[in-house]
Amino acid sequence: MERSEALFRTVLRLGDNSLVLGHRLSEWCGHGPQLEEDIAQANIALDLLGQARNYLTYAGEIEGKGRTEDDLAYLRTERQFLNVKLAELPKGDYAHTIARSFLFDAFHLPLQQALTKSPDERLAGIAGKAVKEATYHLRHSSEWLVRFGDGTEESHRRAQAAIDGLWMYTGELFAPDEAERTLIEAGILPDLASIKAEWDATVARVLAEATLVRPADGWMARGGKDGQHTEHLGFLLAELQYLPRAFPGAQW
Amino acid sequence: MSNEKNETDFPLWEVFIQSKRGLDHKHVGSLHAADARMAIENARDVYTRRGEGNSIWVVLAEHLHASRPEDQGAFFDPADDKVYRHPTFYVMPEGVKHI
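None of these values were measured; they are calculated from a predicted model.

Asker: Would you mind going over the interface of chain A and chain B in detail, with residue names and values included?
Answerer: Contacts between the two partners involve 13 residues from chain A, matched on the other side by 13 residues from chain B. Between chain A and chain B lies a buried interface of about 1,300 Å² when both sides are counted; carbon and sulfur atoms form 45% of it. If you sort the residues of chain A by the area they bury against chain B, Glu36(A), Tyr136(A) and Arg147(A) come out on top, with a joint share of 41%. Linking chain A to chain B there are three salt bridges. For the salt bridge of Asp35(B) with Arg147(A), the shortest nitrogen-to-oxygen distance reads 3.0 Å.

Asker: Go over the environment of Gly227(A) with me, naming the residues and quoting the values.
Answerer: Residue and element names in this part refer to chain A. Position of Gly227 relative to the elements: it lies in the loop between α9 (192-209) and α10 (232-240). Given the relative accessible area of 1%, Gly227 is considered buried. Between the alpha carbons of Gly227 and Thr170 there is a distance of 17 Å; along the sequence they are 57 residues apart. In this view, Gly227 contacts Glu78, Arg79, Phe81 and Leu82; residues no more than four positions away in its chain are not counted.

Asker: Can you lay out the side chain of Glu37(A) for me, pointing to particular residues and giving the numbers?
Answerer: Within the secondary structure, Glu37(A) is located in helix α2 (residues 35-63). No salt bridge is formed by the buried Glu37(A); its nearest oppositely charged neighbour, Arg147(A), is found at 8.0 Å. Here the side chain of Glu37(A) touches His140(A) through a polar contact of 3.1 Å, side chain to side chain. Once residues within four sequence positions are removed from consideration, Glu37(A) is found in contact with Tyr94(A), His140(A), Trp144(A) and Asn42(B).

Asker: Could you give an account of the packing of aromatic side chains, with specific residues and numbers?
Answerer: All names here are of chain A. Taken as a whole and judged by the stated rule, the model has nine aromatic pairs over all chains. Ring geometry for Phe104 and Phe107: centres 5.9 Å apart, planes at 65°, overall edge-to-face. Linking Phe104 with Phe107, this pair stays in helix α5 (residues 94-115), spanning three residues, or about one helical turn. Here the two residues Phe104 and Phe107 agree in accessibility, since each one is buried. A network of ring pairs unites the aromatic residues Phe104, Phe107, Trp167, Phe174 and Trp199 as a single cluster. For Lys196, the ring lying beneath its charged end belongs to Phe174, and the centroid distance is 5.8 Å.

Procedures and definitions
- Residues numbered from 1 in each chain as written.
- Chains lettered and ligands numbered in written order.
- Predicted model: local features only at pLDDT ≥ 70, side-chain atom pairs only at ≥ 80, totals over all residues.
- Heavy atoms only, no water.
- Contact = heavy atoms within 4.5 Å.
- Buried area = accessible area lost by both parts, 1.4 Å probe.
- Salt bridge = Lys/Arg side-chain N within 4 Å of Asp/Glu carboxyl O.
- Helix = DSSP H or I, 4+ residues; strand = E, 2+ residues; numbered from the N terminus.
- Buried < 20%, exposed > 50% of the residue type's maximum accessible area, 1.4 Å probe, protein only.
- Lys, Arg positive; Asp, Glu negative; His and termini not counted.
- Polar contact = N/O pair within 3.5 Å; in protein donor to acceptor, adjacent residues only side chain to side chain.
- Phe/Tyr/Trp six-rings, centres within 6.5 Å; stacked < 30°, edge-to-face > 60°.
- Lys NZ or Arg CZ within 6 Å of the ring centre and 35° of its normal.

In short, geometric facts, not functional conclusions.
Printed below as a string of structure tokens:
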């Protein structure tokens, strides 16, 4: 795969991961279990949206066909989204939302940290801004996972069920596709195996504190990176893209 | 609304934010949290979203004791006619702030 095509797909994926997960978290806005958590999730969703804007803008520039962040966010179909499946799964109950965020944040933080050292200066700059946000996101999701896991019998049961159910979506985070392999070989993207080592350490530490059991590694879902998504992404995009689809060129 | 404590509710915390190093912490509002750590994180999300914060203090609302409205006369009115307690009989140097 050509370097520019690989960079386009990889930067697009970084944007799509943040955009899709950010949208999922925004679904809690006005529905949070508590006023303070409602605001916290909306904050985190906005952080992710900001990251998505930076990455999608850069992806459009790499592609060089004049597509803007809005074109990429609003005018692609689900097969053209390259995010991991973990990001698009429905929000579920609050333990499920927290567990998904935790599994993603524990991957997202070391990835963004490593990207700050990328020779691609644009990528390093965007990641530099994202690191502080991702640090807080991981802190927030870890805190809540520990509270749920080490909380009541009911919260423990729900947290363990969420981790068990989400586990098969974690393998895709660390399985490079062709575009990512090209960039890893070129030294632009960090080796995902080194990110996995940090993820393993974080997951082991937090799960232990939360008195939760790490599930056995079994079959892992794939396909999101190639645009083959779960049935949930289409519904998410229908809502996310409704306005620009219904009123093309609308300004607001 | 009942004042009785509900075990499933988080207690109320009062939040104080220092906007700049050197200034005092000012009361900005209150929030609910299970413990001090969660209270500080919630305060970060609720009260410092627009760059207001440099440092956060939280204290359980039940640990604050306030003067009573009916004491207002006895407490505060006697100070009204004692202008000599105000440091207004000398000239302030220019450039002195936060006084």
